[in-house]
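# Examination of the molecular architecture
Here is how the chains run, residue by residue.
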Amino acid sequence: MEVVSIINYKGGVGKTTITANLAAELVFRGKRVLVIDLDPQTNLTFSFVKVDEWTNKYQKERTIKYWFDSIIDGVSPVPSFEDLIIEKNGINILCSHLGLIDVDIELAAGLSSGTERQHKNNFLKTYSLIKKELENIKDQYDVVLFDCPPNFSIVTKNALVASDYYLVPAKMDYLSTLGINQLRNNVDNLVKQYNKYCSTDSEIINPEFLGVVATMIAVRNGEPISAQRNYISTLERSNINIFDSMIRENKTIYASAPEYGTPVVFQSHSSGTYQEVVQELENLTSEFIGKVGI
Ligand SMILES: Nc1ncnc2c1ncn2[C@@H]1O[C@H](COP(=O)(O)OP(=O)(O)OP(=O)(O)O)[C@@H](O)[C@H]1O
Ligand SMILES: [Mg+2]
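Only a predicted model underlies this, so the values are computations on that prediction, with no experimental measurement involved. (Residues numbered from 1 in each chain as written. Chains lettered and ligands numbered in written order. Predicted model: local features only at pLDDT ≥ 70, side-chain atom pairs only at ≥ 80, totals over all residues. Heavy atoms only, no water.)

Attention now goes to the pairing of strand E1 (residues 2-6). Burial runs high along E1: four of the five residues are buried. The pairing of E1 with strand E5 (residues 143-147) spans five bridges and is classified as parallel. Each residue of the ladder has a partner; that of Val 3, found in E5, is Val 144. Pairing analysis gives three bridges linking E1 to strand E6 (residues 165-171), with the strands arranged parallel. By the bridge assignment, Ser 5 is partnered in E6 with Tyr 166. (Buried < 20%, exposed > 50% of the residue type's maximum accessible area, 1.4 Å probe, protein only. Helix = DSSP H or I, 4+ residues; strand = E, 2+ residues; numbered from the N terminus. Pairing = 2+ DSSP bridges.)

If you want it as structure tokens, here you go:
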């Protein structure tokens, strides 16, 4: 099982859209996929589940918030992910909840007390909660995808600690390209601090940077417009891995679903543009499979 965080602190760059489409396409190709929505905005959840259904059936006891709350409240036994996961179109989903925002505050409170040694132990324990739980289901999935929120919260860091790889969707503009370096530095610092506290080599983590996926590209005559080509070249020159497959901007197709955003690969349009958009997602999935090795 390979675990991948889809992450960028910048909001609205296509993290959720890429996670949902990648998951759908991977399942179509016969992979066993679990997606975990770690964003209190719950957009990924509502890409797959109708709001009414979530409210009536899952809101109370089938979300990642419920799992964290059980740990914080000392419930015994803590429910396993298996008890919480739901299934839609072959995709296994661990839903999010608006209240997940409060979980971070509770977890932070537990981190800030005691002696140096207690701090170390609390740090390792708090940041490895999800990692430990995934070990119980590692034979059941080929891949786990985390849709991360646009921040570097304790919940986000839990995803990174649990991950073999992280993938960064980014728009190709000046601030976005600057942000990629900052994100990588922060991930490196988290990894260093975590590994410094580990007492055995087997606990050491090493989430690998899988690459940037250029999203919302403005395409003219089949190519990114020149301003965006420049940012792509700049990234390449600074040795930042960038996926060959890029995702174009297409508001009609990416925002045409009635609810949040049914994966494009589940929609049906007859236009040539739709075929091209689907082709991009298929190419991205093939490249992803190759890089992750699943
Ligand atoms: N390639 C695209 N072309 C046009 N619109 C897109 C594209 N990808 C995503 N969008 C739209 O842009 C908005 C933001 O996308 P998305 O929610 O995937 O970003 P995000 O990075 O997950 O945001 P957040 O940081 O808030 O979680 C959504 O309305 C989505 O439908
Ligand atoms: Mg999102």
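Before going further, it helps to examine the sheet that holds E5. On the basis of which strands lie adjacent, the open sheet formed by seven strands has the order E3-E4-E2-E5-E1-E6-E7 and mixed pairing. Two strands bound the open sheet, and with one partner strand each, they are strand E3 (86-88) and strand E7 (208-215). Each strand of the sheet is rotated relative to its neighbour by a mean of 25°, with strand direction disregarded. Sheet analysis places E3 next to strand E4 (residues 91-94), joined by three bridges and oriented antiparallel. Within E4, the position partnered with Lys 88 by the bridge is Ile 91. Sitting on the sheet, helix H10 (residues 174-197) touches E6 and E7, and the angle it makes with E6 is about 160°. (Axes fitted to C-alpha atoms, helices over the stretch in contact; angles between N-to-C directions. Contact = heavy atoms within 4.5 Å.)

For the rest of this paragraph, the subject is the UniProt feature "domain: AAA" (unreviewed entry) in the chain. Mapped onto this numbering, the UniProt entry annotates "domain: AAA" (unreviewed entry) at residues 1-196. In this annotation, residues 1-196 is assigned 53% helix and 15% strand; the end-to-end C-alpha distance for the span is 26 Å. (UniProt positions renumbered as here; feature names shortened; annotations may be inferred.)

The next subject is the packing of helix H1 (residues 15-28) against helix H13 (residues 272-292). Between H1 and H13, the shortest axis-to-axis distance is 10 Å and the interhelical angle comes to 75°. Accordingly, the angle class assigned to the pair H1 and H13 is roughly perpendicular. Every residue of H13 that contacts H1 at Ile 18, Asn 21, Leu 22, Glu 25 and Leu 26 is listed here: Leu 281, Glu 282, Leu 284, Thr 285, Phe 288 and Ile 289. (Parallel < 35°, antiparallel > 145°, perpendicular 65-115°, else oblique.)

The next thing to look at is unusual backbone geometry. For the bond from Ser 76 to Pro 77, the omega torsion is -5°, close enough to zero to count as cis. With respect to the element layout, Pro 77 can be found in the loop between helix H4 (64-72) and helix H5 (81-84). A positive phi angle is found at Met 216, which is not glycine, with a value near 50°. Considering the arrangement of structural elements, one finds Met 216 in the loop between E7 and strand E8 (219-220).

When H4 is considered as a whole, its buried residues turn out to be Ile 64, Lys 65, Trp 67, Phe 68 and Ser 70. Residues of H4 that are buried make contact with strand E2 (33-37), H5, E4, helix H6 (100-111), helix H8 (129-135) and helix H9 (154-162). Capping the start of H4 is the job of one residue whose side-chain oxygen sits 3.3 Å from the backbone nitrogen of Lys 65: Thr 63. Phi for Gly 74, located one or two positions after H4, is positive at around 70°. (Polar contact = N/O pair within 3.5 Å; in protein donor to acceptor, adjacent residues only side chain to side chain.)

A surface patch of nonpolar side chains, about 340 Å² in accessible area, is lined by Tyr 174, Leu 175 and Leu 178. Mapped onto the elements, Leu 178 comes out in helix H10. (Patch = residues over 30% accessible without salt bridge, like charges linked within 9 Å, V, L, I, M, F, W, Y side chains within 5 Å. Areas by Shrake-Rupley, 256 points an atom, 1.4 Å probe, with all protein chains shown as cover. Salt bridge = Lys/Arg side-chain N within 4 Å of Asp/Glu carboxyl O.)

This part covers the side chain of Thr 126. Within the secondary structure layout, Thr 126 lies in helix H7 (residues 116-127). A residue is classified by how much of its surface remains accessible, and Thr 126, at 10% relative accessible area, is buried. When residues no more than four places from it in sequence are discounted, the contact partners of Thr 126 are Leu 107, Leu 111, Ile 154 and Asn 158.

Our focus in this paragraph is the environment of Tyr 174. Its place among the elements puts Tyr 174 in helix H10. Its relative accessible area of 51% is what places Tyr 174 among the exposed residues. Once the C-alpha coordinates of Tyr 174 and Gln 193 are considered, the two residues, 19 residues apart in sequence, prove to be 30 Å apart.

So, on to the pattern of salt bridges. Enumeration according to the criterion identifies nine salt bridges in this entry. The partner of Glu 53 in a salt bridge is Lys 88, with the nearest N and O atoms 2.9 Å apart. Here Glu 53, found in helix H3 (residues 51-58), pairs with Lys 88, found in strand E3; they are 35 residues apart in sequence, far enough to count as distant. For Lys 88, a relative accessible area of 18% corresponds to the buried category. Within this structure, Glu 53, Lys 57 and Lys 88 form a network of salt bridges that share partners.

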